[in-house]
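Single-letter residue listing:
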Amino acid sequence: MVQEKLYLKGDKLLDISNYEFKSIKNALQIGREKTIQKIKDSDLKGRGGAGFPTGIKWEMAADVEGKEKFVVCNADEGEPGTFKDRYLLEERPLKVLEGIMLAAYAVGADKAYIYIRGEYSRAIEVFSEIIKAAREKNILNDNLFNSGFKLELKLVRGAGAYVCGDETSLINSIEGKRGRSRIKPPYPIEKGLFKQPTVVNNVESLCCTAEVMNPDSEDFSELGTEGSRGTKLLCLSGDLNRPGLYEVEFGQITLIEIIYDLGGGIKGSEDLRFVIPGGISTAVIKADDLDFPYSYQAFEKRGSSLGSGAVIAVSKKHDLLDLMLNVSRFYMDETCGTCFPCREGNRQINKILKAFKEEDGKIDTELISDIGNTIRLAARCGLGQSSLNFITSVIENYGKELKFGGKIYA
Ligand SMILES: Cc1cc2nc3c(=O)[nH]c(=O)nc-3n(C[C@H](O)[C@H](O)[C@H](O)COP(=O)(O)O)c2cc1C
Ligand code: SF4
């Protein structure tokens, strides 16, 4: 069941002297417009969580006027359970570099940034070396392969705030401001870094663009199913026998196979209760509803999302209330505090859950749903908007068990 031909995973790509840069050479040869068209035709969707079509983002950025343009590689990877970008940065940084170059070339940017999560010391070390080597080899800061295209790339180390993964907070952080989300519109495409048009792309998305443009991987865009093209890196964790990083083709594997074949099933003698399919900002999928092919649409249909690709298996040994408290604590700590509903709402949710646990009483699910709706409607960014997805989906699916439980074991 493991993906037979690998694209994103594979041999280490660390030696710049032996790396051929076939994708960027291909792009330079066919030109900007055709490069963007190829990315659009591939129907690649951003792998950072929101699933926005990469080709359309690039086209919009290429068309918009600006004094200068920027590309930012989002390597903040703060979603709990996600570790795919770390792998790409540490093991295949040349592919990431090539993706950044492609994006910059396609949209007409001559400056790019890579913003790496502060805790990723090894990735920062590896990528700094790659930038240094690329400068020495005249790959960066020079007339690339005599094409007239020149790119400056800087690395910025994040300071450990989850909200800085949001593209507008990340832009603020690069500018040296507090990591707080900006009101949208204007979107970064029109007014991003230093008020200039900016493309922000996830590490994995950029690696996918390098696959699309690589003459040796021409089949990449053919993989998958309609609306879900290519392959996806999955970060399997939780109560699994074989957690780890896997690459799968969209539509060719079911969630049940992901859990029981790739992940080796549930540890010990426990049963699976549910799967968190895309990190803790996504709604849970119950154990009896896993028999569907992995795709964007399948999760959407179930009111969830494949998010960042963090697939967390949760067995029945866990106390549901403890899980909810854990998630609620995360959002309470990570809210940037700009919007009152997100700042105060997440604190109130935590208070309600705590009181329920301590007093062994009934849970006021209506109040939780009311606060959840208010946050969803009034929050400025995705952190607030998705902060209740896990909790409300647990209540929706397991509400009865919560209402009458004292110690809440189902
Ligand atoms: C709270 C929050 C955290 C996010 N964290 C990340 C992250 O760590 N990496 C990432 O690529 N996108 C993250 N995103 C999504 C980005 O805002 C943005 O959509 C993404 O980087 C765009 O890249 P893509 O189109 O290639 O997916 C986050 C969004 C929110 C609201
Ligand atoms: S929704 Fe939350 S995290 Fe996002 S800007 Fe508002 S307070 Fe900050």
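What this report covers is the structure whose coordinates are included nearby.

What counts and how
- Residues numbered from 1 in each chain as written.
- Chains lettered and ligands numbered in written order.
- Predicted model: local features only at pLDDT ≥ 70, side-chain atom pairs only at ≥ 80, totals over all residues.
- Heavy atoms only, no water.
- Helix = DSSP H or I, 4+ residues; strand = E, 2+ residues; numbered from the N terminus.
- Rg over C-alpha atoms; globule rule 2.2 N^0.38 Å.
- Buried < 20%, exposed > 50% of the residue type's maximum accessible area, 1.4 Å probe, protein only.
- Contact = heavy atoms within 4.5 Å.
- Areas by Shrake-Rupley, 256 points an atom, 1.4 Å probe, with all protein chains shown as cover.
- Polar contact = N/O pair within 3.5 Å; in protein donor to acceptor, adjacent residues only side chain to side chain.
- Phe/Tyr/Trp six-rings, centres within 6.5 Å; stacked < 30°, edge-to-face > 60°.
- Near = heavy atom within 4 Å.
- Nonpolar A, V, L, I, M, F, W, Y, C, P; charged D, E, K, R; others polar.
- Axes fitted to C-alpha atoms, helices over the stretch in contact; angles between N-to-C directions.
- Parallel < 35°, antiparallel > 145°, perpendicular 65-115°, else oblique.
- Lys, Arg positive; Asp, Glu negative; His and termini not counted.
- Salt bridge = Lys/Arg side-chain N within 4 Å of Asp/Glu carboxyl O.
- Pairing = 2+ DSSP bridges.

A count of helices and strands for the chain gives 15 helices and 11 strands. Since a compact globule built from 410 residues should have a radius of gyration of about 22 Å, the 22 Å found for the chain is in line with a globular shape. Counting only C-alpha atoms and orienting by the principal axes, one finds that the chain spans roughly 70 × 45 × 35 Å. Counting over 410 residues, the chain shows a buried share of 56%. Long-range contacts, defined here as pairs at least 24 residues apart, represent 72% of the contacts in the chain between residues at least 6 apart. By element, 46% of the accessible surface of the chain is carried by carbon and sulfur atoms, the whole surface being about 17,500 Å².

For the rest of this paragraph, the subject is the environment of S308. By the secondary structure assignment, S308 is in the loop between helix 10 (296–301) and strand 11 (310–315). Looking at S308, the relative accessible area reads 9%, which means it is buried. Not counting residues up to four positions away in its chain, the partners in contact with S308 are R47, G49, E79, T82, K84, K232 and G278. Of the polar contacts made by the side chain of S308, one reaches the side chain of T82; its length is 2.9 Å.

Next up on the list: the packing of aromatic side chains. One pass over the full model with this rule turns up 15 aromatic pairs. Centre to centre, the rings of F21 and F145 are 6.3 Å apart; their planes meet at 55 degrees, and the pair counts as tilted. Separated by 124 residues along the polypeptide, F21 in the segment before helix 1 (22–30) and F145 in the loop between helix 6 (121–136) and strand 3 (152–157) bring together distant segments of the chain. When its relative accessible area of 3% is taken as the criterion, F21 is described as buried. On the accessibility criterion, F145 (35% relative accessible area) is partly exposed. Summarising the aromatic geometry, the rings of Y162 and Y331 are spaced 6.3 Å apart at their centres and angled 70 degrees between planes, so their arrangement reads as edge-to-face. Remark: Y331 occurs in helix 11 (residues 320–334) and Y162 occurs in the loop between strand 3 and helix 7 (167–174); sequence separation between them is 169 residues.

In the vicinity of ligand 2 there are 13 residues, among which C336, T338, C339, C342 and C381 approach most closely. Looking at the shell around ligand 2 residue by residue, the classes come out as 7 nonpolar, 5 polar and 1 charged.

This paragraph deals with the packing of helix 3 (residues 54–63) against helix 5 (residues 93–107). Contact pair helix 3 / helix 5: the axes reach a minimum separation of 8 Å and the direction vectors enclose 45 degrees. Here helix 3 is positioned oblique relative to helix 5, judged by the angle of their axes. Only L102, A103, A106 and V107 of helix 5 make contact with helix 3, whose side of the interface consists of W58, A61 and A62. Across the contact of helix 3 with helix 5, the residue classes break down as 7 nonpolar, no polar and no charged.

This paragraph deals with the side chain of E79. Tracing the backbone shows E79 in the loop between strand 1 (70–75) and helix 4 (84–91). Of the side chains bearing the opposite charge, R117 lies closest to the buried E79, which forms no salt bridge; the N-O distance is 9.4 Å. Within the structure, the side chain of E79 is placed 3.1 Å from the backbone nitrogen of S281, a separation counted as a polar contact. Not counting residues within four places of it along the chain, the set of residues in contact with E79 comprises Y162, G278, G279, I280, S281 and S308.

Okay, the packing of helix 4 against helix 8 (residues 203–213) next. Helix-helix packing is characterised by the crossing angle of the two axes and by the distance between the axes. For the pair helix 4 and helix 8, interaxial distance at closest approach is 9 Å and the crossing angle is 55 degrees. Considering their axes alone, helix 4 and helix 8 lie oblique with respect to each other. Between helix 4, through K84, D85, L88 and L89, and helix 8, the contact on the second element is made entirely by V203, E204 and C207.

Close contacts around ligand 1 come from 18 residues, with G48, K57, N201, N202 and S205 the closest. With respect to ligand 1, the backbone of E167 contributes an N or O atom lying 2.9 Å from an oxygen atom. Take N202: an N or O atom from its side chain is 2.8 Å from an oxygen atom of ligand 1. The protein chains hide 89% of the 620 Å² of surface that ligand 1 would expose on its own.

To continue, consider the sheet that holds strand 7 (residues 231–238). Overall, mixed pairing links the 5 strands, which are arranged 8-7-11-9-10 in an open sheet. Bordering the open sheet on either side are strand 8 (244–249) and strand 10 (285–286), each of which pairs with just one other strand. For strand 9 (residues 272–276) and strand 11, the ladder comprises 4 bridges, and the chain directions are antiparallel. Residue pairing for strand 11: L272 is matched across the bridge by S315.

Attention now goes to the environment of Y113. Here Y113 lies in strand 2 (residues 111–116). Judged by its relative accessible area of 9%, Y113 falls in the buried class. With 37 residues separating them along the chain, Y113 and K150 place their C-alpha atoms 14 Å apart. Sequence-distant contacts of Y113, defined by excluding residues within four places in its chain, comprise F70, V71, V72, C73, L153, K154, V156, I174, L193 and F194.

The buried fraction of strand 4 (residues 198–202) is high, at 5 of 5 residues. Burial of the side chains of strand 4 extends over both faces: T198, V200 and N202 are buried on one face and V199 and N201 on the other. The pairing of strand 1 with strand 4 spans 5 bridges and is parallel. Looking at the pairing, C73 lines up with N201 of strand 4.

Before going further, it helps to spend a moment on the side chain of N201. Position of N201 relative to the elements: it lies in strand 4. When its relative accessible area of 3% is taken as the criterion, N201 is described as buried. Not counting the four nearest positions on each side in its chain, N201 is found in contact with T54, K57, W58, V72, C73, N74 and L206.

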